[in-house]
Structure formats: structure tokens, C-alpha cells
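These are the residues of each chain, in order.
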Amino acid sequence: MTNVAGGLARVGFRGAVWQGLALVGGKAIVLITTIVLARLLSPEQYGLVAVALVLMAYVETVADAGVAQALVYLPASGVAARSALLVSVVLGTSLALLTFFSAPWIAGLFQLPDVGPLVQVLSIAVLATSLGAVPEALLRRDLLFRRLAVAPIIRALVTGVLSLVLAFAGYGAFSLAAGTAAGAVAYAATCWWLVRKGAPWQIWRVAKDALRANLKFGVPVAGSNLLARLIFDIDYVIIGVILGAQALGYYTLAFRLPEALIINVFFVLSTVLFPLYTQVQHQPERLRDGYLKGVRVQSLYGMTAGVGLAVLAPILVPLVFGGQWSESVIPLVFLALYAAARSLGAGANDVYKAIGRPGISITFSLIRLAVLVPVLLVAAQWGIIAVACAQMATALLFAVGMQTVAARVLHIGPKAMLRAVLPAFACSLAVAGAGSIIFLQLYLGAPLTAALVFVTAIAAVYSVLRFGFPTLHNELLHLVRRRQDATAE
């Protein structure tokens, strides 16, 4: 962003800091809630909620027709915001009603009668998500990440408190569904409160040109997001249909840690990177430089965290969630490596949207979905471990493909792209080596062994960066030292 003091990197880091603080706060609450609920709910109850949540995620993805993303891309104007809100209100209300009344049919399709009431409760979340999309987009467009940071924390608090209260009261799977719906309502209400002075309430004051511009950009983006969501969650659907609710419960819990610690970090970074890339879409050199830095940081974090989580999986599952979840251990190993593989392709979709070419994402996602569905259908015949392994292999293959296409679009040479991901591979190998060395020692007990692996891995990563990649080490250190200034502004 040319007119922001400190330049693009400073704005990006400041946004990432505030979104990161919101992520840490929110996910800490979610993790605590998950741990407690894992000891209160059975794997089958977890699986029932997972089916309902996946179906709702598909609906929520298109509940605003992508117009919220269009607000970030298009020039700022009141009529554009009002037009976007009108689309969100009409489409969100329609989808919420459709979801509510089709719940019995959905339950019959999955042959899980208890899913019907959960879907009806979660239809409230569909409406709330569509109504909150526009104010959230306005905050992101104006790079007000510090202000926006409070919303996910409030959502996590409301979701966690209500879910736990109802679970302790014996409401089972319904407790998590009700908590999720309440959290979505709280998030939307918070976003509207944050933009209260500039809220585009007068949705009757719209223009055809503004509606057309919003939909022209938003519909392809919504299609791309839906495909991405299908890719992200299709394993849940396949496991639920073929293997049943109990198997899905084990798989869902195994996915919780890589999702919370790795994948959701990239979703947060995406909300920062997309508006930043948009600001420099007409400055190819700055866009290339910013993209390579994004790839370097995201792959470094994702690879090291994923490998570390895979190493610790046999200790963490029984220690954190309890012995009843032992069947989640091996799936967690492969799903952690799946998250690591996804990090290698992170950022590509954001840059396609930023340069006004979301169609590339759609094409790529269609190809990926066409490959992934038959692979997972075959893998499901051998159980959830095979599904997790197939997810890991497919993610690695398409991460390479996504970065190859992104490099061509941005005119980035292969050597530059390889240099960007080299630190990630070096550090992840160091983490794997550190973990292996600890596990070769005498067993010290789960908590102490986990702590020792964690500390040793951090030291190994620091050593690799300090002596193997001193430039990157100094850049990261410089950003960390600026954290206090960034959070104070």
C-alpha cells in the first residue's frame, strides 16, 4: 500500500499481529472447549455435529454471493456497500429458510435422523454469516484489523460458554450446534457494532451498476470459495456416508489440532493478504516481492508446525482428549502432514483474486475436486487412516501445481520460488530429527516428553534459521521487534 506509513510489509505485519492475537485468543477458547467436550461427548455425537457443520459450511460459503470480497476489491463507495448488503440479506435469508425446511431430507440422505434438528438450529448461523459478511469486509477493506480482532474472540467465547453449559446439562450433540449458531450471531452483531457510524443500512438506495459490479466479481469468487470448501470438507461427507458417524467422530477430532493450529492461521492470513495484494495489484514488482515473502513465512510456519504435530500425535491425543480417542492418533499424524503440505500452496488464491482473475482459482479447484473425490472414495474403503493419507498426498501434489501456476502468472522464476520454500523444508527436517532423538530416550511421561520435544524443536528451528538462513532470520527478528509499535498504533 503506497500511502501507508511504513510500507506494505509494515501494514501486513500490523494486520497479521492483530488477526494473530484474535486467532490465538479465539482458538485458545475453542481448544479448551474442544478438550472438555471430547470428555463429555461420544465419538458418534461428535460425528453427527460434524456432518451438520460441513453442510452448513457449504451454504455459508455462498450466502453472500461473494459480494463481501468484491467490496475489498472494488473502489470504496456507499452505493457499492449498500448493494452488497442487499444481495447478502436476500440471498442469506433465502438460503437459511431453504436449509431449515430441507433438514429432514438431508437427514434421510445421510441416514442419520438426529442430524435434522442440528441442521435446523445451524440454519440460524447461515443467516448470521450472510448478515455479518458486509461489515466484516468493510473493516478488512479499510485495513482496520485491530478493530476487527475483537469479533472472533467474542464468537469463541459465546460458542464455548453456551456449548459447555448445554453439554454439562446433558444436551449432547445439540449443545455444540446451539453454541455454534449463537457464536455466529454474536460475530455478526459485533461486526455491525464496529462499523456502526458508517453502516450501509439504506439498502433501498442501490444502483444497477453497483449491483452488477458486485456480482460480476463476487459470483466467481463465491464459486471459487465453494469449490475450496468442497475440497476442504469433502472427506467429512465421504466418511459420514460410507463409514458412519462414529468413524467421522474420530476423524473430526483428529483434524481439530491441525485445523486450529495451522490451517486456520492461513485463513486469518488470507484476510490480511488479500486486501494488501489488492493495494499493489498494479505494481508487479512489489506484488511479486510481497507474494514471495508471504510464501516464505506461511510455508515456514506450516511445515514446521505440521511436522511437529505429527511427531507429538501419539502423546497429545490421549493426554489432551482422553483414552477413548486412541483411534484418532494415526489419522492425526497424516492430517498434520496434510496441513503442512497445504502450507506450501498457501497464498495463491489470494493473489488471483487481488489481480482480478478469480477464474484461475475456479479452474484449479475443479481439477482438484475431480481428482480428490474418486481418490477419497477409494481410500474410504480402508478406513479413516487411508483417507487421511490420501488427503496428505493429494495436498502435496496440488500445492506444487498451485505455486507453479502462481509463479507463471506473477512472472516469478523457479529458483526464486524454491528459495522461498527452502527454509520450510530445512526447519521441518530439523523438527523431525529433534523429535526422533527425544523419543529414542527413556520414556519420561507424556507431559514431560511433549514439553521436551517442543523446546528441542524450537531450538533446532532457531539454529537452522540463525546459521542457515541469516537474512530470513534477521527479517523475522526485525518484524518481531516492531510488534510493540504495530500493536500500539
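Computed from a predicted model, the values in this text were never measured in an experiment.

What counts and how
Residues numbered from 1 in each chain as written. Predicted model: local features only at pLDDT ≥ 70, side-chain atom pairs only at ≥ 80, totals over all residues. Heavy atoms only, no water. Helix = DSSP H or I, 4+ residues; strand = E, 2+ residues; numbered from the N terminus. Buried < 20%, exposed > 50% of the residue type's maximum accessible area, 1.4 Å probe, protein only. Contact = heavy atoms within 4.5 Å. Areas by Shrake-Rupley, 256 points an atom, 1.4 Å probe, with all protein chains shown as cover. Bend = angle between axes of the 7 residues up to and from the residue. Polar contact = N/O pair within 3.5 Å; in protein donor to acceptor, adjacent residues only side chain to side chain.

A.B. asks: Tell me about the overall build of the protein chain, and name the residues and values.
C.D. replies: Summing up its helical and strand segments, the protein chain has 19 helices and 0 strands in all. Taking all 489 residues of the protein chain together, the buried fraction comes to 56%. A separation threshold of at least 6 residues defines the contact pool for the protein chain, and within that pool the share at least 24 residues apart is 84%. Looking at the protein chain as shown, the accessible area adds up to about 20900 Å², and 69% of this sits on carbon and sulfur atoms.

A.B. asks: Please give an account of helix α4 (residues 78–110) that cites residues and values.
C.D. replies: At S102, α4 is deflected by roughly 55°, the largest bend along its length, and proline P104 occurs up to four residues later in sequence. Just beyond α4, the residue with positive phi is Q111, at close to 55°.

A.B. asks: Tell me about the side chain of T159, and name the residues and values.
C.D. replies: With respect to the secondary-structure elements, T159 resides in helix α7 (residues 150–168). Exposure remark for T159: the relative accessible area of 17% places this residue in the buried category. Within the local environment of T159, its side chain forms a polar contact with the backbone oxygen of R155, the two atoms lying 2.8 Å apart. Among all residues touching T159, those that are not within four sequence positions of it are G179, T180 and G183.

A.B. asks: Outline the environment of D235, supporting the account with residue identities and numerical values.
C.D. replies: Note on placement: D235 falls in helix α9 (residues 208–242). Remark: the alpha-carbon pair of D235 and L372, spanning 137 residues in sequence, is separated by 9.0 Å. When near neighbours in sequence (up to four residues on either side) are disregarded, D235 contacts Y251, L376, V387 and Q391.

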